[in-house]
Amino acid sequence: MPSYEAPLVELKRIEKSYAPRTATRSRKVRAVRGVSLSIRRGETLGLVGESGCGKSTVGRIAARLLEPSGGTLHYQGTDITNVRGKTLRRLRQHIQYVFQDPYASLNPRFTIGRLLEEPLKYNRIGNRRERQREVVEMLERIGLDAAYKDRYPHELSGGQRQRVGIVRALMLNPEFVVLDEPVSALDVSVQAQILNLLKSLQDERSLTYLFISHDLNVVHYISDRVAVMYLGSIVEIADVHDLYERPSHPYTQALVSSIPAERGAGKRESVILSGDLPDPAALIGGCPFRTRCRHAFDRCAAEMPDWSEVAEGHAVRCHLWNEEQAGTDVRQTEIFASAGGTGL
Ligand code: SF4
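Every value quoted in this text rests on a predicted model; they were computed, and no experiment measured them.

Rules and cut-offs
Residues numbered from 1 in each chain as written. Predicted model: local features only at pLDDT ≥ 70, side-chain atom pairs only at ≥ 80, totals over all residues. Heavy atoms only, no water. Near = heavy atom within 4 Å. Nonpolar A, V, L, I, M, F, W, Y, C, P; charged D, E, K, R; others polar. pLDDT = per-residue confidence, 0-100. Helix = DSSP H or I, 4+ residues; strand = E, 2+ residues; numbered from the N terminus. Contact = heavy atoms within 4.5 Å. Pairing = 2+ DSSP bridges. Axes fitted to C-alpha atoms, helices over the stretch in contact; angles between N-to-C directions. Polar contact = N/O pair within 3.5 Å; in protein donor to acceptor, adjacent residues only side chain to side chain.

**Regarding the site of the ligand**
Part 1 of the argument: Among the 13 residues in the neighbourhood of the ligand, the closest are listed as Cys 287, Cys 293, Cys 300, Cys 318 and His 319.
Part 2 of the argument: Taken together, the residues that form the shell around the ligand break down as nine nonpolar, three polar and one charged.

Below, the structure is given as structure tokens:
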């Protein structure tokens, strides 16, 4: 079990905006809207949401691969939003990123041995013999024998490549790893192997993970807590079991209703989400989910909902949960039970 302490990484009111892609648009696209997250040392925080909701952008900002347009990023209590040069280089030893497509992230012209040795060499760690020994030890740790160090990425299976991608991120012995859809491109049988490898490496090395995925089953399996993201905003956050047992935001309810019943609260109706994610540039103010929410009412278009506490450590951002609306006797269980349909 992870030992929860003070947050290792904190994102505070993070914003990320992009210039409009077409000349006919003048308004910037807000890809991330005031996201605040605390990631505790030793835990796995799952970040879940549909494609295009901004979760990878949040991951890249958390790993200092992308600069936010606003807000601050803290590591071990220190503001690292604007660090540069040697300080940033040192920081990169502690914070690593694993990409979804291991083939794209591994240079095809380098052998596996060279790919694993590079981070050590770049950071002037050990001599050649020591680095080679470390490479072989790490390969063996992920179930590949020493002969694999002379192979090229294209000679490996997808699962083997992802194992190499993960272990490459761990060569510098980091504390915090952002895993961006690390098993999405793999077969289900291989996914389980990779998830188990991630768990055992976390136990051995006291790693802290931000695990990004659109797959709720995968997130359920690996996470201690889960944050649900919709159109650039976090809309619900809870302990993993609480979130799947008592999804409280209409969006989370739709997501959870689409997975097998044994993951959630037993008997459950499916909830259809109509339409795709709306154009983020077209949404100003109000709840970002209002264009797809079956419970939307006047206030949803006028005001962004604030956080409401569902239970200890379980918070949701929906007007149905604030005090006045609770007084009109709208309850989460009723909302969920009344939803009909055939799937997400
Ligand atoms: Fe739906 Fe309104 Fe709640 Fe947003 S605030 S999720 S639109 S009920």
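Alright, that's what it looks like, and here's the rest.
**Some details on the confidence of the model for the protein**
Part 1 of the argument: With 85% of its residues at a pLDDT of 70 or more, the protein shows a mean pLDDT of 86.
Part 2 of the argument: The spread of mean pLDDT over the elements of the protein runs between helix α13 (residues 332-338), the lowest at 43, and strand β3 (residues 44-48), the highest at 98.
Part 3 of the argument: Contacts of residues 326-344 to residues separated by more than four positions or lying in other chains number 44 contacts, the stretch itself having pLDDT below 50.

**Thoughts on the sheet that holds strand β5 (residues 78-79)**
Part 1 of the argument: Read across the open sheet, the four strands follow the order β2-β1-β4-β5; overall the sheet is antiparallel. With partners counted over all chains shown, the strands left at the sheet margins are β2 (29-40) and β5, one partner each.
Part 2 of the argument: Note: strand β4 (residues 70-75) against β5, two bridges, orientation antiparallel. Paired with Tyr 75 across the two strands is Thr 78, which belongs to β5.
Part 3 of the argument: Along the sheet, helix α1 (residues 55-62) contacts β1 (7-18), β2 and β4; its crossing angle with β1, the most-contacted strand, is approximately 125 degrees.

**Observations regarding the side chain of Thr 44**
Part 1 of the argument: Relative to the helices and strands, Thr 44 is located in strand β3.
Part 2 of the argument: One polar contact links Thr 44 to Gln 202, side chain to side chain, over a distance of 2.9 Å.
Part 3 of the argument: Discounting residues that sit within four places of it in the chain, Thr 44 has contacts with Gln 202, Tyr 209, Phe 211, Ile 222, Ser 223, Asp 224 and Arg 225.

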